[in-house]
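# Per-entry structural report
Listed here are the chains, written in short residue letters.
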Amino acid sequence: MADFGEILEAIGDFGLFQKLMLFGLCFPNTLLPFHLTSLLFNQGPDLQRCNTDWILDVGPNLTLEEQLNLTLPRLPDGSLSTCEMFAPVDWNLSAILEHGLTDTTACVNGYTHDYSVYTSSIVSDFDLVCDKANLVGVAQTVFMAGILVGSLLFGPFAEPIGRQKATQIPVVVMAIFTMVTGLSPNFYFYMVSQFVVGVSYGGFRVNCIVLATEWIGKTKRAYASCLTQILGGVGQCIQACIVYFVRDWRICQYIMGSPMVIVAIYIWFIPESARWLLDRGKTDQAQQLILKAAAINKRTVPDKLLQKLTEEKKVERGGIRALLASAVLRKYFFSIVVGWCALNLAYYCLSLNVGKYGLNIFFTQFIFGITEVPAHILCIFLLEAAGRKASLISTLLLGGFICLLTLAIPEDGAIALTALATVGRFFMNWAGTVCNVYVQELFPTSIRQTATGLGATATRVAGMLSPVVNMLEVFHWTLPTLVFSSLALTGGALAFLLPETRRTELPDSTEEAEGKRKPKVMKTIETPMLEDSKILKSTPL
C-alpha cells in the first residue's frame, strides 16, 4: 500500500484542489461565532419594570416620572423596584395622591421593557425577568451542552461514517435550526432549537479541521486550524457590526442563517478524505478522488503509485477502545487533553473577568474578535519555526505564569491587571490553535476523528466549569487564578511527553503513531504537469 505522503507529493500537497477545499471548509467558521456571541446580544439589557398603565385611566395627563413614583415602590437604595408594583385600586386620582398606595404585588399586568438598546431581545419577547431571569443563563448552558454532545456524537461515534458525512450533516442541521430559532414562539422552543444548533456547531468544528488536514501536505498542515481560528475572530467582528445596525434578535437570526444556507448547498461538493477511504479499504473510491485532485492541481499520478493503491491493507479497528488499547496513544491523549482543557478553562475564566471594561458592548465584542486574529496569524509561523511541541509548551507555561503574575498586582493597579490578564488570554488562545493542529498529527487515521472528538468534548466540559471556578473567590480572591494558572502550567509540563510532529507525515496506522517520528524529506527530480507526459520521480533520502 502506498504511503499517503507519496500520493500528496505526486498530486500536489497544497495545490488548487486543497486551497478550494480549505476555503470551503474554513469559511463557515466565520459564521459560527455568530451563535456564541448571539447568546450575549439576544438577551439584551436587563432593564424592565412592571406595566402600570392602569393608573393612566384615572390620570391620563400624568408624566412618566409621576406615574412611576405613584405605582412602583422604592428599594432600600432609593431606586424603583423592577419586579414589584403597588396593587391597582378602584380610586380616583385625587384619592391616590392624598392617601398613596401601600399594598405591593408582583407584576400583574406584565412588564415594560427598555428598548433603548435593542428593539427586540429574547428577554423582552419571552419576559425572562424577575423569577425567570435565571433562564437566560439556562439558555447559554443548554447551547454549550449541545456543543459538547455534538463533539461526542460527530466525533468518536461518527468515525465509521467518514469525515464527509460528519461534516455535511451538521451544516445542514445548523442552517435549518438557525432559521427555526428566529421563529421561536416561546422560550422552551427557543432552547430546544438552540440545543440542536449547538450539536451541529460542535459536530462541524470537530470534523472540518480533520477533513481539511488529511488532504494537506506536511508543510502547510497547520493552515487548516489557524485559518479556522482567524476566520472565527473575523466573524466576531462582523457579528458585532451586524447587531449594532440591526437591533432585532429575530432578524439577526435570519441574517446569520442565510449564508449558512449557501454553505449547506456547496458542502455536498466537498470530497471525502482519501486517507479515511484507504484506511477503510475503499481503494476504488480513494483512487477516483486522488485522480480528481491531481487533475485539478494539473498533475499526473505515476502508474506504479496507482498500482500500490490496489494492494491489500489491513483495516485497523477504530473507536474509543482502539485509542485506549495503546499505552503510547493513551499517554499522548492524556497529555494533550490536560493542556487543552487547562487553556480553555483559563480562557473562559479570564474572559468572564476581564470583559468588564465599561465600554460599549458592541465595541468591546469587536475588540475581542480583532485581537484574536494576530494570535493565530503568528501561530502559523511559530508552528513551523519552533515546532508543535515547543509551541505548546511555551504558550501554556508563559500563559500560566503571566496569569499568576496578576496576583502580585495591587487592587488599585487596574490598568496593569487588565493588561496582564489580556496577555494571558492571548497566550491561551494561541495554545488552543496549537492543540487543534497537534491532535491531528498525533493519532492514526483510524482514530483521528475519535481523539479529536473526545478532546473537544473534554474542553467543552472545562469551559462549562469556568463559572464554577470563578465562584471560588468567595473563599479567597486568589483561588480562581491559582486553579486555572496551575492547571495551565501542569499542561505545559505534560507537553514534554509528546513527540515532535512538525513536517512529518500524518500516521496512517497505530504502529506509525507509536513509532519514532522522523521527518521524511522527499527529493523531487521532476514535477510533471498535465501537459507533460513525464512521470514524477521522488526518492526518499
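Rules of the game
- Residues numbered from 1 in each chain as written.
- Predicted model: local features only at pLDDT ≥ 70, side-chain atom pairs only at ≥ 80, totals over all residues.
- Heavy atoms only, no water.
- Helix = DSSP H or I, 4+ residues; strand = E, 2+ residues; numbered from the N terminus.
- Buried < 20%, exposed > 50% of the residue type's maximum accessible area, 1.4 Å probe, protein only.
- Contact = heavy atoms within 4.5 Å.
- Areas by Shrake-Rupley, 256 points an atom, 1.4 Å probe, with all protein chains shown as cover.
- Disulfide = S-S within 2.5 Å.
- Phe/Tyr/Trp six-rings, centres within 6.5 Å; stacked < 30°, edge-to-face > 60°.
- Lys NZ or Arg CZ within 6 Å of the ring centre and 35° of its normal.
- Patch = residues over 30% accessible without salt bridge, like charges linked within 9 Å, V, L, I, M, F, W, Y side chains within 5 Å.
- Salt bridge = Lys/Arg side-chain N within 4 Å of Asp/Glu carboxyl O.
- Core = buried A, V, L, I, M, F, W, Y, C linked by side-chain atoms within 4.5 Å.
- Axes fitted to C-alpha atoms, helices over the stretch in contact; angles between N-to-C directions.
- Parallel < 35°, antiparallel > 145°, perpendicular 65-115°, else oblique.
- Nonpolar A, V, L, I, M, F, W, Y, C, P; charged D, E, K, R; others polar.
- Polar contact = N/O pair within 3.5 Å; in protein donor to acceptor, adjacent residues only side chain to side chain.
- Expected span 1.5 Å × (residues − 1).
- Bend = angle between axes of the 7 residues up to and from the residue.

Moving on, we come to the overall build of the chain. The secondary structure content of the chain amounts to 22 helices and six strands. Looking at the 541 residues of the chain, the share that counts as buried comes to 53%. When contacts within the chain are restricted to residue pairs at least 6 apart in sequence, long-range pairs at least 24 apart make up 78% of them. With the model as given, the accessible surface of the chain reaches about 23800 Å², and the carbon-plus-sulfur share is 64%.

The term disulfide refers to a covalent linkage connecting the sulfur atoms of a pair of cysteines. Evaluated as defined, the whole model comprises two disulfides. Cys 50 shares a disulfide with Cys 107; S-S distance 1.8 Å. In this structure, the disulfide formed by Cys 50 and Cys 107 twists by about -60 degrees around the S-S bond and is classed as left-handed. A residue pair is termed long-range when its members are at least 10 positions apart, and Cys 50 in strand E1 (residues 48–50) and Cys 107 in the loop between strand E3 (104–106) and strand E4 (111–113) qualify at 57 residues. A relative accessible area of 13% means that Cys 107 is categorised as buried. Covalently, Cys 83 is tied to Cys 130 through a disulfide, its sulfur atoms 2.0 Å apart. Here the disulfide of Cys 83 and Cys 130 is left-handed, its torsion about the S-S bond being about -100 degrees. Remark: Cys 130 occurs in the loop between helix H6 (122–126) and helix H7 (135–153) and Cys 83 occurs in the loop between helix H4 (64–71) and strand E2 (84–86); sequence separation between them is 47 residues.

Further remarks concern the environment of Ala 375. Structurally, Ala 375 can be placed in helix H17 (residues 361–385). Assessed through its relative accessible area of 0%, Ala 375 is described here as buried. Each C-alpha atom of the pair Ala 375 and Ile 230 lies 8.3 Å from the other, and the pair is 145 residues apart in sequence.

We now examine the packing of aromatic side chains. One pass over the full model with this rule turns up 17 aromatic pairs. A ring pair is formed by Phe 187 and Tyr 190, whose centres lie 6.1 Å apart and whose planes are at 25 degrees; its orientation type is stacked. On the criterion of helical spacing, the pair formed by Phe 187 and Tyr 190 is a turn pair, its members being three residues apart in helix H9 (residues 187–213). With relative accessibility at 4%, the residue Phe 187 sits in the buried group. Taken together, the ring pairs in this structure connect Phe 126, Phe 187, Tyr 188, Tyr 190 and Trp 249 into an aromatic cluster. Directly above the aromatic system of Tyr 244 lies the positively charged group of Arg 247, at a separation of 5.0 Å from the ring centroid.

The grouping of Val 149, Leu 153, Phe 157, Phe 195, Ile 320 and Leu 324 at the surface amounts to a nonpolar patch, some 500 Å² of accessible area in total. Of all the secondary structure elements, the ones that give two or more residues to the nonpolar patch are H7 and helix H15 (320–325). Tracing the backbone shows Phe 157 in the loop between H7 and helix H8 (163–182).

The nonpolar side chains of a soluble globular protein tend to be buried with one another. One finds Phe 4, Ile 7, Ile 11, Leu 25, Trp 215, Met 260 and Ile 290 to be the most contacted residues of the largest nonpolar core, which totals 55 residues. Setting aside chain neighbours within four positions, we find Ile 290 in contact with Phe 4, Ile 7, Ile 11, Trp 215, Ala 274, Val 301 and Leu 309. Judged by nonpolar contacts, the second largest core, of 49 residues, contains Cys 226, Cys 349, Ala 431 and Val 439.

One can describe the packing of helix H1 (residues 4–11) onto helix H13 (residues 283–296) by two numbers: an axis separation of 9 Å at closest approach and a directional angle of 30 degrees. With respect to each other, H1 and H13 are oriented roughly parallel. Contacts between H1 and H13 involve Phe 4, Ile 7 and Ile 11 from the former and Ile 290, Ala 293 and Ala 294 from the latter. Taken together, the residues of the contact of H1 with H13 sort by class into six nonpolar, no polar and no charged.

Counting through the fold element by element, Gln 164 comes out in helix H8. Polar side-chain contacts of Gln 164 include one of 2.8 Å to the backbone oxygen of Ile 270. If sequence neighbours within four positions are ignored, Gln 164 has contacts with Leu 211, Ile 270, Pro 271 and Glu 272.

Note that side chains of opposite charge can pair when their charged atoms are close. According to the stated counting rule, one finds ten salt bridges in the structure shown. Its salt-bridge partner being Arg 388, residue Glu 384 comes within 3.2 Å of it at the nearest N-O pair. The pair Glu 384 / Arg 388 is uniform in exposure class, with both members buried. Among the ionic contacts, a cluster of salt bridges with common partners joins Arg 221, Glu 384, Arg 388, Glu 441 and Arg 503.

This part covers the environment of Asn 109. Of note, Asn 109 is situated in the loop between E3 and E4. Between the C-alpha atoms of Asn 109 and Asp 53, which are 56 residues apart in sequence, the distance is 8.6 Å. Residues in contact with Asn 109, not counting those within four places in the same chain, are Asn 51, Trp 54 and Met 85.

For the rest of this paragraph, the subject is helix H20 (residues 445–470). Under the 1.5 Å per step criterion, the end-to-end length of H20 is 38 Å for 26 residues, consistent within 8% with the ideal 38 Å. Met 464 marks where H20 bends most, by close to 30 degrees; the proline Pro 467 follows one to four residues later.

Topologically, Arg 502 is positioned in the loop between helix H21 (479–494) and helix H22 (510–514). Counting along the chain gives 119 residues from Arg 502 to Leu 383, while the straight-line C-alpha distance between them is 7.6 Å. Looking at Arg 502, its side chain comes within polar contact range of the main-chain oxygen of Glu 384, at 2.7 Å.

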